[in-house]
Amino acid sequence: MRIALGIIFGLFIICFAAIVIEELFIGGKKRRKAENLIRERRNETDTGC
């Protein structure tokens, strides 16, 4: 019984870590994409003056 609970707890920790890492990478990707979009819009308005 203790071994089964240990395995379930270990799997929970692994899944939790995977979710956190995935969210961090997706969040960073969205942030970089938004920064690039803002930079492109600034460049378009600067060259248009």
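What counts, and where the lines are drawn
- Residues numbered from 1 in each chain as written.
- Predicted model: local features only at pLDDT ≥ 70, side-chain atom pairs only at ≥ 80, totals over all residues.
- Heavy atoms only, no water.
- Helix = DSSP H or I, 4+ residues; strand = E, 2+ residues; numbered from the N terminus.
- Buried < 20%, exposed > 50% of the residue type's maximum accessible area, 1.4 Å probe, protein only.
- Areas by Shrake-Rupley, 256 points an atom, 1.4 Å probe, with all protein chains shown as cover.
- Lys, Arg positive; Asp, Glu negative; His and termini not counted.
- Charge placed at Lys NZ, Arg CZ, Asp CG, Glu CD.
- Patch = residues over 30% accessible without salt bridge, like charges linked within 9 Å, V, L, I, M, F, W, Y side chains within 5 Å.
- Salt bridge = Lys/Arg side-chain N within 4 Å of Asp/Glu carboxyl O.
- Phe/Tyr/Trp six-rings, centres within 6.5 Å; stacked < 30°, edge-to-face > 60°.

## Description of the overall build of the protein chain
Along the protein chain, the regular secondary structure elements total one helix and zero strands. Considering only C-alpha atoms, the protein chain reaches an extent of 75 × 5 × 5 Å along its principal axes. For the protein chain, the residues scored as buried account for 2% of the 49 residues in total. Carbon and sulfur atoms make up 68% of the accessible area of the protein chain, which totals about 5,000 Å². Counting 9 positive and 6 negative side-chain charges, the protein chain places the centres of these two groups 7 Å from one another.

## Describing a nonpolar patch on the surface
Taken together, the side chains of Phe9, Phe12, Ile13, Phe16, Val20 and Leu24 present a nonpolar region at the surface, about 640 Å² in accessible area. Relative to the elements of secondary structure, Val20 occurs in helix α1 (residues 2–48). For Val20, a relative accessible area of 34% translates into the label partly exposed.

## Looking at the packing of aromatic side chains
Here the structure, examined in full by the defined rule, presents one aromatic pair. A centroid spacing of 6.4 Å and a plane angle of 20 degrees characterise the contact between Phe12 and Phe16, whose relative ring orientation is stacked. Placement of the pair is Phe12 and Phe16 together in helix α1, with a separation of four residues, close to one helical turn. Overall, the relative accessible area of 52% leaves Phe12 in the exposed class.

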